[in-house]
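Coordinates in review
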Amino acid sequence: MAAIAEDSLVELQRRFLGGYQLLQTLVGIRLRSVVDPESVRHLAWLSDVTAAMELISRRMTARGPLDFAGYLDDVATFWSRACEGRPVRIEVRGQAALLPDSHLLPLAIITHELISNACRHAFLDDRRGSIAVAFSRAVGGVSLVVRDSGIGAEALTPGEGLSLVQGLVEHLGGSMSIETAPGAGVGVRIRLPLETTATH
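Analysis parameters
- Residues numbered from 1 in each chain as written.
- Predicted model: local features only at pLDDT ≥ 70, side-chain atom pairs only at ≥ 80, totals over all residues.
- Heavy atoms only, no water.
- Helix = DSSP H or I, 4+ residues; strand = E, 2+ residues; numbered from the N terminus.
- Expected span 1.5 Å × (residues − 1).
- Buried < 20%, exposed > 50% of the residue type's maximum accessible area, 1.4 Å probe, protein only.
- Contact = heavy atoms within 4.5 Å.
- Axes fitted to C-alpha atoms, helices over the stretch in contact; angles between N-to-C directions.
- Parallel < 35°, antiparallel > 145°, perpendicular 65-115°, else oblique.
- Left-handed = near helix turned anticlockwise from the far one by under 90°.
- Nonpolar A, V, L, I, M, F, W, Y, C, P; charged D, E, K, R; others polar.

1. A short note on the environment of Leu-172
- Positionally, Leu-172 belongs in the loop between α5 (160–171) and β6 (175–180).
- Separated by 22 residues in the primary sequence, Leu-172 and Leu-194 have C-alpha atoms spaced 8.6 Å apart.

2. Description of helix α3 (residues 68–82)
- The end-to-end C-alpha separation of α3 is 21 Å, in line with the 21 Å expected for 15 residues at 1.5 Å each.
- Residues Phe-68, Ala-69, Gly-70, Tyr-71, Leu-72, Val-75, Ala-76, Phe-78 and Trp-79 constitute the buried set of α3.
- Taken together, the buried residues of α3 touch α2 (37–59), β1 (66–67), β2 (88–94), β3 (98–99), α4 (101–121) and β4 (129–138).

3. Concerning the packing of α2 against α3
- The N-to-C vectors of α2 and α3 enclose an angle of 140°; their axes lie 10 Å apart at closest approach. Viewed along their axes, α2 and α3 adopt a mutual orientation that is oblique. Two packed elements cross with a definite hand, and for α2 against α3 that hand is right-handed. Across the interface between the two elements, Asp-48, Ala-51, Ala-52, Leu-55, Ile-56 and Arg-59 of α2 pack against Phe-68, Gly-70, Tyr-71, Asp-74, Val-75, Phe-78 and Trp-79 of α3.
- Here the residues of the contact of α2 with α3 are counted per class, giving 9 nonpolar, 1 polar and 3 charged.

Written out as structure tokens, the structure reads:
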């Protein structure tokens, strides 16, 4: 009976992953025919979120909490490919920490959103630099820091990206701080409790 249940779970996971891959393909097809900059931006964002959900889903199993540090290795590979041909280096450093299901998808989307913002806005005109992601255990929870060496405050404009991150952090009962200066890069530091006090 246990083997049948395990097989069913694997099949369900396979179907979910196929759905994510199909959605990314559909978005890619639409991006090839869309010229309006605002539409391109929204479709690119949808593609990023779908990629985040697919990557985290690949590591989800029925055997307990997922180690988020391992997921970050997948994220580094994904964004290194996305930045291929540009002088931008992606570095990740993760401390093993098991997360509850309530945190997995939100934190995956937060990480993807912050790296995406850095890739797209921090290194204009083929500027050389790096994006460093650090994930670790903290008192009562976990800490995520995403820091780039890009143009700094000039790239930090209020918009949907940071608003989405702030909203997800608040949903999980956490806190977020931003450190930046002109020409000195941007650092975003997030603290999340593992006992979520999510608001609705």
